[in-house]
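Structural overview for review
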Amino acid sequence: MSDITSRTSNNLPGPLADRLNHPGYPHSSRYDARWTIDNQMGPNALWLLEWLAPSLGLDTLPPGARVLDLGCGKAMTSVFLAREYDVQVTAADLWIEPGKNARRVAEAGVADRVLPVYAEAHQLPFGDESFDAIVSIDAYQYFGTNDLYLPSLTRLLKPGGRIGVVMPALREEPDGLEPPEHLKPFWDPQFWAFHSADWWRRQWTRSGAVTVEAADWLPDGWRDWLLWSEACAEESTEEFMAAMARDQVELMNADQGRSLGFVRVVGRRT
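Residues numbered from 1 in each chain as written. Predicted model: local features only at pLDDT ≥ 70, side-chain atom pairs only at ≥ 80, totals over all residues. Heavy atoms only, no water.

1. Regarding the sheet that holds strand β3 (residues 114-118)
Pairing is mixed in the open sheet, where seven strands are placed in the order β3-β2-β1-β4-β5-β7-β6. Unpaired on one side and paired on the other, β3 and β6 (210-217) mark the two borders of the sheet. Taken over all neighbouring pairs, the strand axes of this sheet differ in orientation by 15 degrees on average, direction set aside. Alignment of strand β2 (residues 88-93) against β3, held across five bridges, turns out to be parallel. (Pairing = 2+ DSSP bridges. Helix = DSSP H or I, 4+ residues; strand = E, 2+ residues; numbered from the N terminus. Axes fitted to C-alpha atoms, helices over the stretch in contact; angles between N-to-C directions.)

If you want it as structure tokens, here you go:
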């Protein structure tokens, strides 16, 4: 076993591991807390993927099924998919070099099951019906709000295949043109890509590309977001990531779950 895969057993106790040992995410809690923080790019992607997994039916996929991990970041979710579900993962990202992800994947002991590629979400270099499932964690909001996007993506799914995404979201759509009053001091224009579960259900249903099987809100997801951000603010070794985490701590404390959290959406190709 490689160093990372031996450390991802999380057998060694410690303050950080204890702090991030989340009872709601038992599989994720087996992964080394330091490894997850060093490879994070936002909210805890392993927690969010573990929440998505039952609705997406990942445990029903046969060994070796092909999964596209779209917007995989530093490939943590790709490693998790390969290790937990024994699937073949295409780890696609625009921001992280495939070579760097290839090294992380090899260190995690799953180089035979994860293929990192460079890809822009609107120009995916894959053939029709290439994948049994598509996963996107904390990324879909950056490219998927266009009404025409989902049909162009689901052509990559085999008939009956599922797509599942989790992303930051709003509990309800704001009225008018202004953000919620209590969030105005913290509002970033990118937050307009955050939408409610009902908004996503309607958009996916209208596309005709999928039958929507789930579109729901993560109860107390903001608490997970705050817990994770506090840990990253204190423990991240990259100043940029630590600063981003500090901003998210401020945001979550200001909101207290009134508006912000996470949405899960799952659709089956029609």
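Resuming the write-up.
2. Examining helix α9 (residues 221-235)
Between its first and last C-alpha, α9 extends 21 Å over 15 residues, near the 21 Å set by a 1.5 Å rise per residue. Buried within α9 we find Gly221, Trp222, Asp224, Trp225, Leu226, Trp228, Ser229, Ala231, Cys232 and Ala233. Buried residues along α9 sit in contact with α2 (15-19), α3 (33-38), α4 (45-56), β5 (157-170), α10 (239-255) and β7 (260-269). (Expected span 1.5 Å × (residues − 1). Buried < 20%, exposed > 50% of the residue type's maximum accessible area, 1.4 Å probe, protein only. Contact = heavy atoms within 4.5 Å.)

3. Considering the pattern of salt bridges
A complete count under the given rule lists 16 salt bridges for this structure. Taking the shortest distance from any N to any O, the salt bridge between Asp220 and Arg223 comes out at 3.5 Å. Note on Asp220: relative accessible area 45%, which makes it partly exposed. One salt-bridge network, in which partners are shared between bridges, spans Arg34, Asp38 and Glu235. (Salt bridge = Lys/Arg side-chain N within 4 Å of Asp/Glu carboxyl O.)

4. Some remarks on the side chain of Lys74
Looking at the secondary structure, you find Lys74 in the loop between β1 (66-70) and α5 (76-85). Note on Lys74: relative accessible area 14%, which makes it buried. Here the side chain of Lys74 touches Glu238 through a polar contact of 3.2 Å, side chain to side chain. Dropping the residues within four chain positions of it, Lys74 is found in contact with Asp38, Asn39, Met41, Ile96, Asn101, Arg104 and Glu238. (Polar contact = N/O pair within 3.5 Å; in protein donor to acceptor, adjacent residues only side chain to side chain.)

5. Let's talk about the packing of aromatic side chains
Evaluation of the coordinates by the stated rule reveals 17 aromatic pairs. Judged by centre distance (4.9 Å) and plane angle (85 degrees), the ring pair of Trp199 and Trp200 falls under edge-to-face. Using a relative accessible area of 17% as the deciding quantity, one classes Trp199 as buried. Site record: aromatic cluster; members linked through ring pairs are Tyr140, Phe143, Tyr149, Trp199, Trp200 and Trp204. (Phe/Tyr/Trp six-rings, centres within 6.5 Å; stacked < 30°, edge-to-face > 60°.)

6. Here's the deal with the confidence of the model for the protein
The predicted model of the protein averages 94 in pLDDT, with 95% of residues at 70 or higher. Put simply, helix α1 (residues 3-7) is where the protein has its lowest mean pLDDT, 44, and β1 is where it has its highest, 99. (pLDDT = per-residue confidence, 0-100.)

7. Here we look at the state of the cysteines
One pass over the full model with this rule turns up zero disulfides. For Cys72, which is in no disulfide, the shortest distance to another cysteine sulfur is to Cys232 and amounts to 18 Å. For Cys72, a relative accessible area of 7% puts it in the buried group. (Disulfide = S-S within 2.5 Å.)

8. Describing helix α6 (residues 98-107)
Restricting attention to buried positions, one finds in α6 the residues Asn101, Arg104 and Val105. Projected onto a plane normal to the axis of α6, the buried residues spread over an arc of 100 degrees and lie on a single side. The secondary structure elements touched by the buried residues of α6 are α5 and β3. Among the residues trailing α6, Gly109 stands out with phi positive, at a value near 80 degrees. (Arc of directions from axis to C-beta.)

9. Thoughts on the side chain of Gln203
Locating Gln203 in the fold gives a position in helix α8 (residues 197-207). The buried category is assigned to Gln203, whose relative accessible area is 5%. Setting aside chain neighbours within four positions, we find Gln203 in contact with Gly144, Thr145, Asn146 and Asp147.

10. Things to note about unusual backbone geometry
Here Ala75, not a glycine, exhibits a phi torsion of approximately 70 degrees, which is positive. Summarising the element assignment, Ala75 is placed in the loop between β1 and α5. In this model, Gln256 sits at a positive phi of 55 degrees, which is unusual for a non-glycine residue. Checked against the element boundaries, Gln256 lands in the loop between α10 and β7.

11. Here we look at the packing of α4 against α5
Put simply, α4 and α5 touch, their axes get as near as 9 Å, and they point 45 degrees apart. In terms of axis orientation, α4 runs oblique to α5. The handedness of the crossing between α4 and α5 comes out as right-handed. For the pair formed by α4 and α5, the contact residues are Ala45, Leu46, Leu49, Glu50 and Ala53 on the first element and Met76, Thr77, Phe80, Leu81 and Tyr85 on the second. (Parallel < 35°, antiparallel > 145°, perpendicular 65-115°, else oblique. Left-handed = near helix turned anticlockwise from the far one by under 90°.)

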